[in-house]
Number of protein chains: 2
Amino acid sequence: MTIRLILAEDQSLLSSALAQLLDLEDDLEVIGTYGDGEEAFKHIKYEKPDVAILDIEMPKKTGLEVAEEIDRQKLPVKVMILTTFANKNYFQTAVKAHVHGYLLKDIPSDELIQSIHEVVAGKTIYSPELVSSILGDVDNPLSDKETQILAEIRKGGSTAEIAKTLYLSNGTVRNYISSILSKLGAANRIEALNIAEKRHWL
Amino acid sequence: MTIRLILAEDQSLLSSALAQLLDLEDDLEVIGTYGDGEEAFKHIKYEKPDVAILDIEMPKKTGLEVAEEIDRQKLPVKVMILTTFANKNYFQTAVKAHVHGYLLKDIPSDELIQSIHEVVAGKTIYSPELVSSILGDVDNPLSDKETQILAEIRKGGSTAEIAKTLYLSNGTVRNYISSILSKLGAANRIEALNIAEKRHWL
DNA sequence: CGCTCACTATGACATTTGTCATCTCACTTC
DNA sequence: GAAGTGAGATGACAAATGTCATAGTGAGCG
């Protein structure tokens, strides 16, 4: 029985190289490769592959959104996330969406092939590097509101604008920012952004 | 005559997939794959491959630095840059280093293989998407100093810190920033960073 | 030669940002 | 129902940031 695969990955070089390579395996068959989440989802839904390999950051719909949709509709597909990002939030979202694999792009292709087989055999595979790196991650000390505000800061808005979009008073926003800065040990907004980004908290 | 290749790419999945795929071609032979610029350079220097395919953003040494070093030492190697980044500065640096190819990772792998052959045959290949996207780029209105200061801003330093590291007065830095903001139509530093980054000016 | 432009600088000013103490109000929780 | 707790708010203050006018220097150019 050959395993039917769909690939969703927006970097054509990787996508095409991978597709050709997987196709060379005699029990694997790549029935489609798609460069954005929406297309990929459509084809997953109607062509019912055995395994869907999804990148996270893609146009239109992220791999995580696709995974959640598949989970919600209980489509009979094994979902594997394949990403560069060893990011706690991404990983947790993926786990909640009951994905069958979460692999980082820093593995060799043999390992990917092996993982596909294991997933089809019923295993669930989380990249060990990832799990340990996640466990090793310093815990995000920011509250939800603080994180939300930091995200607004990243967009470049002033205190006043942030206050308006979040329906808070000017002073409250400044208090939150003050607290963010002290929690992150930053001296200003930009430093805070850099720190939070480096630690995968954004 | 088979073409001997060295690959420098820090994303293992792509690196290994590509290596296997290229090796399948009967006139191509991948004699080494390396995950950082320094290692790659050493092996390029002593194993003298026909072609070196370099990613830009890698640990230790970027692909561009490797390319410059190869150019300076006049090593008899065809250099091809393979990157995600359609960034004017990167591209210009690469051209100055006399690379023989500059390709984006959004091409299919067949095209890469074909390009390798063309480069070996003496052609110089610049990704057409890139060239046109570069030509379509709005010209950077910032002066060198302004760009330099914006780069310092990105690191998160305060006006005073920037002034100190660049040996300028506090007021001068503030004037430059003021000018940057007005040129970019930004209301504050963070917005300026976002705009400059989006337009590939950083 | 004069002109423009980039670079550097000052001072004065308004605004924004960051800090801190303090307060209210709605919810738990015991 | 009293004591916490956490989200949100205020006001006052200091420091940083942004704006503007003005000015000196030197390089490059027609």
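Residues numbered from 1 in each chain as written. Chains lettered and ligands numbered in written order. Predicted model: local features only at pLDDT ≥ 70, side-chain atom pairs only at ≥ 80, totals over all residues. Heavy atoms only, no water.

Asks: Just to check I follow, could you spell out the protein's contact with DNA strand C for this structure?
Replies: The immediate surroundings of DNA strand C are formed by 18 residues, with Arg174 and Arg189 of chain A together with Ser143, Asn175 and Tyr176 of chain B found nearest. When atoms of DNA strand C within 4 Å of the protein are split into backbone and base, the sugar-phosphate part holds 59%. Side-chain polar atom of Asn175 of chain A to a base nitrogen of DNA strand C: 2.8 Å apart, as the coordinates give it. Elements supplying a minimum of two residues to the surface near DNA strand C: α9 (170–184) of chain A together with α9 (170–184) of chain B. Here the surface near DNA strand C is composed, by residue class, of four nonpolar, ten polar and four charged. (Near = heavy atom within 4 Å. Polar contact = N/O pair within 3.5 Å; in protein donor to acceptor, adjacent residues only side chain to side chain. Helix = DSSP H or I, 4+ residues; strand = E, 2+ residues; numbered from the N terminus. Nonpolar A, V, L, I, M, F, W, Y, C, P; charged D, E, K, R; others polar.)

Asks: Just checking my understanding: could you explain the interface of chain A and chain B for this structure?
Replies: Size of an interface, as often reported, equals the accessible area lost when the parts are brought together. Counting residues at the interface gives 31 residues for chain A and 31 residues for chain B. Approximately 2200 Å² of surface area, both sides summed, lies buried where chain A meets chain B, with 62% of it carried by carbon and sulfur atoms. When the buried area of chain A at its contact with chain B is split by residue, Gln11, Leu13 and Ile190 of chain A rank highest and sum to 27% of it. Put simply, chain A and chain B have zero salt bridges between them. Mapped onto the side of chain A that touches chain B, the elements with two or more residues apiece are α1 (12–24), α5 (109–120), α7 (144–154) and α10 (189–198) of chain A. In terms of residues, the side of chain A that touches chain B owes the most to one element, α1 of chain A, which gives nine residues. Residue composition of the side of chain A that touches chain B, by class: 13 nonpolar, eleven polar and seven charged. (Contact = heavy atoms within 4.5 Å. Buried area = accessible area lost by both parts, 1.4 Å probe. Salt bridge = Lys/Arg side-chain N within 4 Å of Asp/Glu carboxyl O.)

Asks: Would you mind showing me how to read the sheet that holds strand β2 (residues 28–34) of chain B here?
Replies: Working definition: the strands of a sheet are paired by backbone hydrogen bonds and lie parallel or antiparallel to each other. Residue and element names in this part refer to chain B. Taken in spatial order, the six strands of this open sheet run β2-β1-β3-β4-β5-β6, and their pairing is parallel. Edge positions in the sheet fall to β2 and β6 (125–126), since each has one partner strand and no second. Direction of pairing for strand β5 (residues 101–104) relative to β6: parallel, over a ladder of two bridges. Across the sheet, the residue bridging to Gly101 is Ile125, located in β6. Contacts between helix α2 (residues 37–47) and the sheet are confined to β1 (3–8), β2 and β3 (51–54), with β2 contributing the most and set at about 140° to the helix. Here helix α4 (residues 88–96) sits on the sheet in contact with β4 (78–83), β5 and β6, set at roughly 155° to β5. (Pairing = 2+ DSSP bridges. Axes fitted to C-alpha atoms, helices over the stretch in contact; angles between N-to-C directions.)

Asks: How should I be thinking about the pattern of salt bridges in this particular structure?
Replies: Any two side chains of opposite charge can pair, so long as their charged atoms come close to each other. Enumeration over the complete set of coordinates arrives at twelve salt bridges over all chains. The salt bridge involving Lys183 of chain A is made with Glu146 of chain A; its shortest N-O contact spans 2.8 Å. Of this pair, Lys183 of chain A sits in helix α9 while Glu146 of chain A sits in helix α7, placing them 37 residues apart in sequence. By relative accessible area, Lys183 of chain A is classed as partly exposed at 39%. Judged by its relative accessible area of 5%, Glu146 of chain A falls in the buried class. One salt bridge in this structure joins Arg154 of chain B and Glu197 of chain B, with 3.4 Å as the shortest N-O distance. Note that Arg154 of chain B is positioned in helix α7 (residues 144–154) and Glu197 of chain B in helix α10 (residues 189–198), a separation of 43 residues in sequence. (Buried < 20%, exposed > 50% of the residue type's maximum accessible area, 1.4 Å probe, protein only.)

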